[in-house]
Amino acid sequence: MDWDQRYKDGDKPWDKGSATPVLAELLTQAPEYFKPGIKTLVPGCGLGHDVSLLKNAGLDTYGLDISETALETARQTYPELGDVWIADDLFELKEKSPSYDLIWEHTCYCAILPEQRKDYIASALRILKPGGYFAGVFFINTGKAPNEGPPFSTTKQEIIETFSPHFDLARESKPSQSYPGRENREWVSIWRKPLNA
Ligand SMILES: C[S@@+](CC[C@H](N)C(=O)[O-])C[C@H]1O[C@@H](n2cnc3c(N)ncnc32)[C@H](O)[C@@H]1O
């Protein structure tokens with residue numbers, strides 16, 4: 001998938017022009033995971049709406065994407081955020097040390113190939129501090145056949161099987177707020193990297 005070309009072509013049906021309502025809801029319902037000042041990464045941040053919401057909530061937030069075009073648009077849309085955009089491949093992260101307290105996942109997990117999910121987890125583990133959190137809203141019913149995508153569908157069971165060997169489940173919920181059309185198709189889970197990992 002040539003993500004940069006899709007942004008250049010304006011072919012970005014995933015972009016709803018604002019942060020996911022799930023994140024706004026979580027900031028209210030579970031503020032203990034989104035403390036002001038914590039270093040946070042949004043992988044596959046696209047046009048940066050979630051980065052803006054998190055940064056405005058006081059988190060020290062960075063948006064990472066493989067698409068320079070997406071990041072340039074994000075830079076122009078949110079100039080007040082400053083130098084928070086990281087052009088990098090999630091699987092080849094230049095950042096190798098565990099410096100992040102939180103990763104916020106939103107439609108990156110479903111964008112990559114299902115066989116790359118373990119590599120995503122490996123990258124997340126590499127950059128998260130011990131005791132850090134991987135919080136995500138997962139698209140669990142994309143309406144596509146298995147192995148057809150993106151977005152590639154997943155299930156709660158698949159996510160649990162993928163994460164639980166490496167993380168402890170701290171919280172899960174069904175969001176009551178979603179983008180129109182994503183209602184009842186999302187699952188929130190927050191995973192803690194063990195202190196001894
Ligand atoms: C479906 S879009 C979601 C974008 C954004 N999270 C949103 O909800 O609008 C997936 C994003 O992941 C990015 N992406 C895909 N593979 C990536 C990789 N290997 N490393 C970094 N970003 C990647 C794409 O460029 C794209 O912006």
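**Q** I'm lost on helix H3 (residues 49-56) in this one. Help?
**A** Side chains three or four residues apart in an α-helix point the same way, a direct result of the helix having 3.6 residues per turn. Within the sequence span of H3, burial applies to His49, Asp50, Val51, Ser52 and Leu54. Residue glycine 58 follows H3 closely and has a positive phi angle near 100 degrees.

**Q** Help me understand the packing of aromatic side chains in this model?
**A** The description of an aromatic ring pair rests on the distance of the ring centres and on the angle between the ring planes. As enumerated under the stated definition, the model contains 15 aromatic pairs in all. Between phenylalanine 34 and tryptophan 104 the ring centres are 6.2 Å apart and the planes differ by 70 degrees, which places this aromatic pair in the edge-to-face class. In this pair, phenylalanine 34 sits in the loop between helix H2 (21-29) and strand E1 (39-43) while tryptophan 104 sits in strand E4 (residues 100-106), placing the two residues 70 residues apart along the sequence. Take phenylalanine 34 and tryptophan 104: they sit in the same class, and that class is buried. One cation-aromatic arrangement involves lysine 39 over tyrosine 62; the distance from NZ or CZ to the ring centre is 5.8 Å. Here the guanidinium or amino end of lysine 39 rests over the ring plane of tyrosine 100, the centre of that ring lying 4.5 Å away.

**Q** Could you clarify how one ought to interpret the side chain of aspartate 88 in this entry?
**A** Checked against the element boundaries, aspartate 88 lands in the loop between strand E3 (85-87) and E4. Residue aspartate 88 is classed as buried on the basis of its relative accessible area of 9%. The residues contacting aspartate 88, other than those within four sequence positions of it, are Leu64, Asp65, Ile66, Leu93 and Lys94.

**Q** How do you make sense of the environment of proline 175 when you look at a structure like this?
**A** Within the secondary structure layout, proline 175 lies in the loop between strand E6 (168-173) and strand E7 (186-192). On the basis of relative accessibility, which here comes to 10%, the residue proline 175 falls in the buried class. A C-alpha to C-alpha distance of 8.4 Å links proline 175 and leucine 26, two positions 149 residues apart in sequence. Discounting residues that sit within four places of it in the chain, proline 175 has contacts with Val22, Glu25, Glu186, Trp187 and Val188.

**Q** Could you clarify how one ought to interpret the environment of leucine 195 in this entry?
**A** Turning to its location among the elements, leucine 195 is positioned in the segment after E7. For leucine 195, a relative accessible area of 60% gives the class exposed. Each C-alpha atom, one on leucine 195 and one on glycine 132, is 8.3 Å from the other, the two residues being 63 residues apart in sequence. Ignoring sequence-local partners within four residues, the contact set of leucine 195 consists of Pro130 and Gly131.

Cut-offs used in this document
Residues numbered from 1 in each chain as written. Predicted model: local features only at pLDDT ≥ 70, side-chain atom pairs only at ≥ 80, totals over all residues. Heavy atoms only, no water. Buried < 20%, exposed > 50% of the residue type's maximum accessible area, 1.4 Å probe, protein only. Helix = DSSP H or I, 4+ residues; strand = E, 2+ residues; numbered from the N terminus. Phe/Tyr/Trp six-rings, centres within 6.5 Å; stacked < 30°, edge-to-face > 60°. Lys NZ or Arg CZ within 6 Å of the ring centre and 35° of its normal. Contact = heavy atoms within 4.5 Å.

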